[in-house]
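# Secondary and tertiary structure notes
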Amino acid sequence: MAGSNEVNLNESKRVVPLNTWVLISNFKLAYNLLRRSDGTFNRELAEFLDRKVPANTVPVDGVFSFDHVDRSTGLLNRVYQMAPANNAQWGFVNLEKPLSTTEIVPVIIFFHGGSFTHSSANSAIYDTFCRRLVNTCKAAVVSVDYRRSPEHRYPCAYDDGWSALKWVKSRTWLQSGKDSKVYVYLAGDSSGGNIAHHVAVRAAEAVVEVLGNILLHPMFAGQMRTASEVKLDGKYFVSIQDRDWYWRAFLPEGEDRDHPACNIFGPRGKGIQGLKFPKSLVVVAGLDLMQDWQLAYVEGLRNSGQDVKLLFLEEATIGFYFLPNNKHFYCLMEEMSNFVKPDC
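Owing to the predicted nature of the structure, the values given are computational and were not obtained by experimental measurement. (Residues numbered from 1 in each chain as written. Predicted model: local features only at pLDDT ≥ 70, side-chain atom pairs only at ≥ 80, totals over all residues. Heavy atoms only, no water.)

### Concerning the sheet that holds strand 3 (residues 106–111)
One open sheet holds the eight strands; their spatial order is 1-2-4-3-5-6-7-8, and the pairing between them is mixed. Each end of this open sheet is capped by a strand with a single partner; those strands are strand 1 (63–69) and strand 8 (308–313). Neighbour to neighbour, the strand axes of the sheet diverge by 20° on average, direction disregarded. Pairing geometry for strand 5 (residues 183–189) and strand 6 (residues 212–216), over five bridges, is parallel. Paired with Ala 187 across the strands is Ile 214, a residue of strand 6. (Pairing = 2+ DSSP bridges. Helix = DSSP H or I, 4+ residues; strand = E, 2+ residues; numbered from the N terminus. Axes fitted to C-alpha atoms, helices over the stretch in contact; angles between N-to-C directions.)

The structure is reproduced here in C-alpha cells:
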C-alpha cells in the first residue's frame, strides 16, 4: 500500500504545478484529520484550520466586498462588486443605486465546494476565486454560505441555496440594464455545482428566471462503480472511500448513492424534460475520478432537450482553478466570461 501511495503522489506531481500540488495536498491532509470513521466530523478543528478572510469595502485588485448575515439563520452571503472609478467613493457601499441603468451586469451566485462538509463563503481560497470572477466576467458575485453536513443533511444546503437566490432576486441594488432586473447565473464547484443544479431545478419549477448554470467538476455519483472511479481511485488527491464518506454524511440516513440528490438522472432521478431549465456550462477535469458521472449528467441534460456545453479539460485535476498557474485556469476564465455575456 505504501508503494502504491508513493506512485500516486508522483503521478499527481507530474501533471500539477508545485504550488497547486502543495495547496491541494494540504487540504487533503486536513480533510483526512477531520473525518471520523463513525461518520462524525471535527467541526471545531475544521473551523480552526480553515483560513478565513474579512470582507473589504476598500478595494483589493479592483474589487470590494461586504457581508450580509441572515439574522434568522446566521448564514452569510458575501457580495463582491467592481470598485467605483472614483476613489473618493471607496469605503462606502451604496445600496440605493442599481449596478447600472444602461448596461447589463451579470450577478453570479456562487456555491463553494468542500463535499457539502468543508469551507465557507469567507474561506480565503474562495474569496480569492470570487474576486477573479468579478474581474474576469465583469460581474457582481454573491458567495453563499450554506449549512454543512453531517450536522445538517439533505436538503438543508438546497434550501439555503434557494433562499439565497430569492434574496438576490429581491435586491434592487443588484439590478441592471434598461429593464431594471437582476441577471442571475448560478455557479459552484464540487458540492457547490451539485447545489447549483438543484437550485436551478427549483427555480425552473417556480418560474424564477435563472440565465445559466456553471458547474465546475460537480459532485455527482451513483451506486454502481464507473470506469473512471476504478481507474483513478486514490490518484490525483481523491479516493472512492473519501467520496463515499461525504455522501453518507450528506444523504438522509440509510439512503444510497442512487438518491436523486446524488444520481441526477439515475433510476430515482427527477426528470426535467419540458422545464425551462437554464443553459449550462459543465466543466469536467480529465483526472477527476468522478468524471463519468459528470459526463452522464451532460448526456442527461442533452437527452432532456436542455442547452448544455461541455468543457472537458483532459489533463486537469480537481482544484485547477484555484491558482492562475496553468493553461486550464485561463481556458476556464475565458469560457465563463463568454458564458455570462449578455449576447450569448
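### Some remarks on the pairing of strand 7 (residues 279–285)
Extensive coverage of strand 7 is indicated by the burial of seven of its seven residues. Burial of the side chains of strand 7 extends over both faces: Lys 279, Leu 281, Val 283 and Ala 285 are buried on one face and Ser 280, Val 282 and Val 284 on the other. For strand 6 and strand 7, the ladder comprises five bridges, and the chain directions are parallel. The partner of Leu 215 across the bridge, within strand 7, is Val 282. Here strand 7 runs beside strand 8; their pairing, made up of six bridges, is parallel. Pairing of Val 284 across the sheet is with Phe 312, part of strand 8. Taking the sense of rotation as the criterion, the β-α-β connection linking strand 7, helix 9 (residues 291–303) and strand 8 turns out right-handed. (Buried < 20%, exposed > 50% of the residue type's maximum accessible area, 1.4 Å probe, protein only. Right-handed = clockwise from strand over helix to strand, strands pointing away.)

### Overview of the environment of Phe 66
Within the secondary structure, Phe 66 is located in strand 1. The class for Phe 66 is buried, based on a relative accessible area of 11%. Distance in space between the C-alpha atoms of Phe 66 and Gln 241 is 38 Å, their sequence separation being 175 residues. The contact partners of Phe 66, leaving out residues within four places of it in the chain, are Ala 55, Asn 77, Arg 78, Val 79, Gln 81, Val 93, Leu 95 and Trp 173. (Contact = heavy atoms within 4.5 Å.)

### Focus on the side chain of Gln 306
Take Gln 306: it is sitting in the loop between helix 9 and strand 8. If we ignore the near neighbours within four places in the chain, the residues touching Gln 306 are Ile 272, Leu 275, Phe 277 and Leu 301.

### Section: the nonpolar core
Ranked by size, the top nonpolar core spans 67 residues in total, and within it Leu 165, Val 168 and Leu 186 carry the most contacts. Broken down by element, this core gets its largest block of residues, seven residues, from helix 5 (residues 156–169). Ignoring sequence-local partners within four residues, the contact set of Val 168 consists of Val 107, Ile 109, Val 142, Leu 174, Val 182 and Val 184. Grouped together as the second largest cluster of nonpolar side chains are 32 residues, Leu 216, Leu 311, Leu 313 and Met 336 included. (Core = buried A, V, L, I, M, F, W, Y, C linked by side-chain atoms within 4.5 Å.)

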